[in-house]
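Architecture at a glance
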Amino acid sequence: MNAPERALSNEPRVNLAAFLLADKPAERTAFVTPERSLAYGALATCVRAAASGLAARGIDERTRVLLMLEDDLELVVLFLASLAVGAVPAILSSRLDAKSLQAIVERAEPSVVFVADGNDEPVRAATRGGGVRPEIVRVSRFVSGNGPSGVRATGFPGPDADPAWDGFVPKDWEALSFLQFTSGSSGEPKGVMHANRSAIAGCRMVARDLLAIRPDDIVYATSKTFFGFGQGASILFPLFAGATAVLDPRWSRPDVAAENIARFRPTMVFAV
């Protein structure tokens, strides 16, 4: 355990986003996609700006947030920004059928669902007439390397987004941090609850002790981030280690995987 981790372990409360973003060289690449890349410094700035946008919408530690976005920079930023303000996010497949989506909404009782621009009708259909009516926010590509905020001024998080926001909400170690929904193959999807302690312990056991992921590693997972396997491999473990993760908004196929391996030359590949 390094010095920052030892110091953190003595703290009674923790914010998972702040923990994952801490002590990373600003210039090191955090995420790459077929079209864009984002360094750790810019990632932290984008997360702060997005968190300020969430806070302005009243999203806080009493809120659950559903993210129905493809595996891209906006998804990672919104996931971390949700954690930053103390909300409980859950990453969902953008291809969920209406029945599964309605079951998840009824179980999670989210205040807001973020969907890709132009993909909001399935969510509206799934929640129409239900007992839970979350706000549906359409998200366009907003992460940009241009400008001091790291985000575009139009759309979410809006022109008043604050790249200097520093309102990270600490929560108890045993507090619910995020949800990960099962596929529902044996019934309705069930929300697996991840506490701060278990999320950080999982990163230590897998990323550090088992796989020894290093900052100079490039990590690629063929599983999408709405799976627990993909969420750990593409988001949590690389961030914990300060490594680079490959994201691809396209649906996983053998040719897509081969293309990404040839292009990005990952040192570690997670696949099933």
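Structure shown above.
Presented here is a report on the structure given in the accompanying data block. Here the structure is a predicted model, which is why all the values come from computation and not from measurement.

Once that is clear, we can look at the pattern of salt bridges. Scanning the entire structure with this criterion turns up 14 salt bridges. The residue R48 makes a salt bridge to D166 at a minimum N-O spacing of 3.0 Å. With R48 in helix α3 (residues 40-56) and D166 in the loop between β7 (135-139) and β8 (171-172), this residue pair connects regions lying 118 residues apart in the sequence. The exposure class assigned to R48 is partly exposed, which follows from its relative accessible area of 25%. Assessed through its relative accessible area of 58%, D166 is described here as exposed. In this structure, E259 engages R250 in a salt bridge whose closest nitrogen and oxygen atoms are separated by 3.2 Å. Owing to a relative accessible area of 30%, R250 belongs among the partly exposed residues under this scheme. Taken together, the shared-partner salt bridges connect R36, D72 and E74 into one network.

The spacing of D166 and P254 is 88 residues in sequence and 42 Å in space, taken between C-alpha atoms. At a separation of 3.0 Å, a polar atom in the side chain of D166 contacts the side chain of R48.

For helix α4 (residues 73-84), built from 12 residues, the straight-helix expectation of 16 Å at 1.5 Å per residue is met to within 8% by its first-to-last C-alpha distance of 16 Å. Of all the positions in α4, only L73, E74, L75, V76, V77, L78, F79, L80, A81, S82, L83 and A84 are classed as buried.

Okay, the nonpolar core next. Core analysis: the largest hydrophobic core is formed by 67 residues, its most contacted members being F31, L43, V77, L78, F79, L80 and F114. Of all the elements, α4 adds the most residues to this core, at 10 residues. Apart from the residues lying within four places of it in its own chain, the contact partners of L80 are A17, L20, L21, L43, V47 and L239. A90, V113, A126 and I136 belong to the second-largest nonpolar core, a separate cluster that totals 18 residues.

Okay, the packing of α3 against α4 next. Angle between the axes and distance between the axes are the two parameters that describe a pair of packed helices. Contact pair α3 / α4: the axes reach a minimum separation of 8 Å and the direction vectors enclose 60 degrees. Judged by the angle between their axes, α3 and α4 are oblique. Our pair here, α3 against α4, has a crossing hand that is right-handed. Along its contact with α3, which presents L43, C46, V47, A50, A51 and L54, the element α4 presents V76, V77, L78, L80, A81, S82 and A84. Counted by class, the contact of α3 with α4 contains 12 nonpolar, 1 polar and no charged residues.

The rules behind these values
- Residues numbered from 1 in each chain as written.
- Predicted model: local features only at pLDDT ≥ 70, side-chain atom pairs only at ≥ 80, totals over all residues.
- Heavy atoms only, no water.
- Salt bridge = Lys/Arg side-chain N within 4 Å of Asp/Glu carboxyl O.
- Helix = DSSP H or I, 4+ residues; strand = E, 2+ residues; numbered from the N terminus.
- Buried < 20%, exposed > 50% of the residue type's maximum accessible area, 1.4 Å probe, protein only.
- Polar contact = N/O pair within 3.5 Å; in protein donor to acceptor, adjacent residues only side chain to side chain.
- Expected span 1.5 Å × (residues − 1).
- Core = buried A, V, L, I, M, F, W, Y, C linked by side-chain atoms within 4.5 Å.
- Contact = heavy atoms within 4.5 Å.
- Axes fitted to C-alpha atoms, helices over the stretch in contact; angles between N-to-C directions.
- Parallel < 35°, antiparallel > 145°, perpendicular 65-115°, else oblique.
- Left-handed = near helix turned anticlockwise from the far one by under 90°.
- Nonpolar A, V, L, I, M, F, W, Y, C, P; charged D, E, K, R; others polar.

Read these as spatial facts, not as claims about activity.
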